[in-house]
Amino acid sequence: IFMEHKKIYFERVRANDREYNEKFQYASNCIMTSKYNIITFLPVNLFEQFQEVANTYFLFLLILQLIPQISSLSWFTTIVPLVLVLSITAVKDATDDYFRHKSDNQVNNRQSQVLIGGILQKEKWMNVRVGDIIKLENNQFVAADLLLLSSSEPHGLCYIETAELDGETNMKVRQSLSVTSELGDPNNLARFDGEVVCEPPNNKLDRFCGTLYWKDCKYPLSNQNMLLRGCVLRNTESCYGLVIFAGPDTKLMQNSGRTKFKRTSIDRLMNTLVLWIFGFLVCMGVILAIGNAVWEKEVGALFQSFLPWDPTVDNFLFSAFLSFWSYVIILNTVVPISLYVSVEVIRLGHSYFINWDRRMFCSRSNTAAEARTTTLNEELGQVEYIFSDKTGTLTQNIMIFNKCSINSHAYGEEQHMAPLGFSAWNPLADRDFCFYDQSLLEAVMVGEPAVHEFFRVLSLCHTVMSEEKSEGELLYKAQSPDEGALVTAARNFGFVFRSRTPGTVTTQELGKAVTYTLLAILDFNNIRKRMSVIVRNPEGRIRLYCKGADIVLFERLHSCSHELMNITSDHLNEYAGDGLRTLAVAYRDLSEEQWEEWSERFRGADKATDCRDDRLAAAYEEIEQDMMLLGATAIEDKLQEGVPETIAILSLANIKIWVLTGDKQETAVNIGYSCKMLTDDMTEIFIVNGHTVQSVREELRYNADVCPICPSNNP
């Protein structure tokens, strides 16, 4: 649907109404990642193969040999090796594409339960249509981009794993709208006729903007209500979803792109060499043709009586022209078409060597290396830069609460002592949790207000879900290991997160059950670098709790926290120097009037259909001001085994490595030394802190001038 005055495209989907949705000609749920089909294989594959210079040359040579006036060799001598080379390559390409077709068919023929006429029927994925309602069961892949309608979990919650989308194995929480969460029965869902108006298909995995219209009301939709194709349902018995995008319109396929024809550096080198050889051949032909012209003019004319020219040749220049092409044919073996065959055979052998390499065999998973393409060896040899994430790639992504700073006191420095025993006074403690500083436990037990408030923030300000299978056995399901580590720390020090509903959070504080009213969650994102919750305690006091990166939190503190901020900054720099991940913790008291005023603006921003994210960000920014600092946390994430050795070997191969991290600068430098990206031999390390392209360019040029071993001024 196109709105002329706003120039905005929308997509409209009505539940349980295929006839209505088909008017818009939405894509089916069938996907295709293959390059060819039976009809297009021959022309497309030949087009790709004739991009090889040698193949094009021999095709041209074949055409020349079909001209009897200039051909001195049979055309069989050229067509046989050419067809052989083309056939071998075509068979290889067809085999690769066959496996793509096989994978596509396997995905398209997966079974899904679709609600048709009030009855759940099994349908292939390829037959699922936009507007259908699908039932998913635990450990099933999501068939299309779905709007979550209801779940077997309380309050319409479900858990998904997004490893196929973003590589993260941490479970994420999705929640349905409260108005649809009760539609768990197929009969109720069959009568659901809500209509979704949303943005058109795009490749932004973390963003969705739409509105549900149902029963004369409208409800804003966000990414928290969506299940994307490629996700896997985890720890949830079942859920129902409405198909919004299908097949090539899903965010997974929008990010996939088309299969491209790749050319390796060896192919480019061979093409260049063949062009030079062809140039040499042309030069030889020109020289010999000139010699023919001179001989025909000076000597050949004397032998016209018994060595006459062909009837079509009437002068020595035309004779030389025909001779040029004859010499090109005669000297065709100068251009090595067999080189391409030899290289293909070598590539095949190298791919088998990779498969057979015992040093690349993983004994833990009993898995050998597998070269999926014959050109893998030379493609690896072309690698000049490696761009790597840090968390979960260089590190184990197992977070351990290591140290903390509370109200200017540092805790956790005594790492050489025996771990504390929490079970004796806290039956809900996690037995795997280790902490070594007795003074922090004593501060909790004597009732220091700042320490209690610090752990209260950790037990409330998060998105962790709790599962209690039996009394006292808590299992935390965290979207981020950082959150899991912080909530577990609060749990062991007596502030136990027990459960949550959409409107409440229940904790057990030093043995006493406390239920807080959850007024608002101010979500974390990479721009905000913080998250907050606003809660009302049983006494009626409203308080905002916030945790986030110190650089953004310190800017929003009340002026009376200035002295504490300086002391905490010193502690944070110490922790960062040890390679620990740090967060600052703060709070703000709100009056009833302040809350009512802000909540009205917040609800307006949340229900907005245009620029919703910007309006929410502005509302968050308004309330997250004048906070009181409590302290900071420090979490350890250990390196994976073999990371320093691997990076050292890659550096010997002259491969440049970039690592992406959201840590503090000091933490990043420390990790750089730990994983051997930075070494003591690097005496001229410099840091660029520019925030614009121009400032970064100027800093790079300055450092290049100051440091003679740095790269040239060309940034």
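From a predicted model like this one, the values you see are computed outputs, not experimental measurements.

Feature annotation in UniProt places "binding site: ATP" (unreviewed entry) on D389, K390, T391, E483, F524, K547, R581, T661, G662 and D663, given in this structure's numbering. In summary, the annotated positions, distributed over 275 residues, remain apart in three dimensions as well, the widest C-alpha pair reaching 23.1 Å. The topology assignment puts T661 in the loop between strand 28 (656-660) and helix 20 (665-674). T661 gets classed as partly exposed once you look at its relative accessible area, which sits at 30%. Relative to the assigned elements, D663 resides in the loop between strand 28 and helix 20. Discounting residues that sit within four places of it in the chain, D663 has contacts with K390, R581 and A668.

For the rest of this paragraph, the subject is the packing of aromatic side chains. What the rule picks out here adds up to 26 aromatic pairs. Between F433 and F435, the ring centres sit 6.5 Å apart and the planes meet at 5°, which makes this aromatic pair stacked. The burial state of F433 is the same as that of F435; both residues are buried. What links up through ring pairs into an aromatic cluster is the set F401, F422, F433, F435, F454, F455, F493 and F495. Seen from the ring of W214, K215 lies directly overhead, with NZ or CZ sitting 4.5 Å from the centre.

Another aspect to go through is the domain arrangement of the protein chain. Once the domains are mapped, the protein chain shows domain 1 (340-382) and domain 2 (395-638). The straight-line distance from the C-alpha centre of domain 1 to that of domain 2 is 49 Å.

Of note in this structure, Q25 is not a glycine but carries a positive phi near 55°. With respect to the helices, strands and loops of the structure, Q25 is situated in the loop between helix 1 (18-21) and helix 2 (41-49). On the basis of relative accessible area, Q25 is assigned to the exposed category, the value being 72%. The backbone of N366 shows a phi angle near 55°, a positive value even though the residue is not glycine. Its location among the elements puts N366 in the loop between helix 10 (338-356) and helix 11 (376-381).

Before going further, it helps to examine the nonpolar core. Membership of the largest hydrophobic core comes to 48 residues, with the highest contact counts inside it found for I406, L440, F455 and F493. Per-element accounting of this core gives the leading share, 7 residues, to helix 13 (residues 449-460). Here F493 is in contact with F422, W425, F433, F435, L440, L441, V444, F455 and L510, once residues within four sequence places are set aside. Counting 47 residues, the second-largest nonpolar core is a separate cluster that includes V13, L212, L227 and I244.

The next subject is helix 17 (residues 592-606). For helix 17, built from 15 residues, the straight-helix expectation of 21 Å at 1.5 Å per residue is met to within 8% by its first-to-last C-alpha distance of 20 Å. Along helix 17, the residues that are buried comprise W595, W598, S599, F602 and A605. For helix 17, the arc enclosing every buried residue in end-on projection is 120°, short of the 170-degree limit, so these residues lie on one face. Helix 17 presents E593 and E600 as exposed residues on the side facing more than 90 degrees away from its buried surface. Those residues of helix 17 hidden inside the fold are in contact with strand 23 (512-522), strand 24 (530-536), strand 25 (542-548) and helix 18 (612-623).

For N21, the location among the structural elements is in helix 1. Within the structure, N21 has its side chain in polar contact with the backbone oxygen of D17 (distance 3.0 Å).

Rules of the game
Each chain has its residues counted from 1, running along the sequence as written. Per-residue local features are limited, in this predicted model, to residues with pLDDT of at least 70; the limit for side-chain atom pairs, both in listing and counting, is 80 or more; totals at the level of whole chains, interfaces and linings are taken over all residues. Computation of side-chain values covers all heavy atoms of the structure but excludes hydrogens and water. UniProt positions are given in the numbering used here, feature names are shortened, and annotations may be inferred rather than shown by experiment. What counts as a helix is a DSSP run of H or I of at least four residues, what counts as a strand is a run of E of at least two, and both are numbered from the N terminus. Accessible area is worked out with a 1.4 Å probe on protein chains only. A residue is then buried under 20% of its type maximum, exposed over 50%, and partly exposed in between. Note on contacts: a residue pair is in contact if any heavy atoms of the two residues lie within 4.5 Å. Pairing of aromatic rings covers Phe, Tyr and Trp, the last through its six-membered ring, and needs centres within 6.5 Å; plane angles under 30 degrees mean stacked, over 60 mean edge-to-face, and all others mean tilted. Placement of a positive charge over a ring is assigned whenever Lys NZ or Arg CZ falls within 6 Å of the ring centre and within 35 degrees of the normal to the ring plane. Note that the domain bounds reflect an automated or database-derived domain assignment. Take the buried residues of types Ala, Val, Leu, Ile, Met, Phe, Trp, Tyr and Cys, join any two whose side-chain atoms come within 4.5 Å, and each joined set is a nonpolar core. The span you would expect from a helix comes to 1.5 Å times its residue count less one. The arc refers to the directions leading from the helix axis to the C-beta atoms. Nitrogen and oxygen atoms within 3.5 Å of one another constitute a polar contact, given that in protein one can donate a hydrogen and the other can accept it, and given that sequence-neighbouring residues count only through two side-chain atoms.

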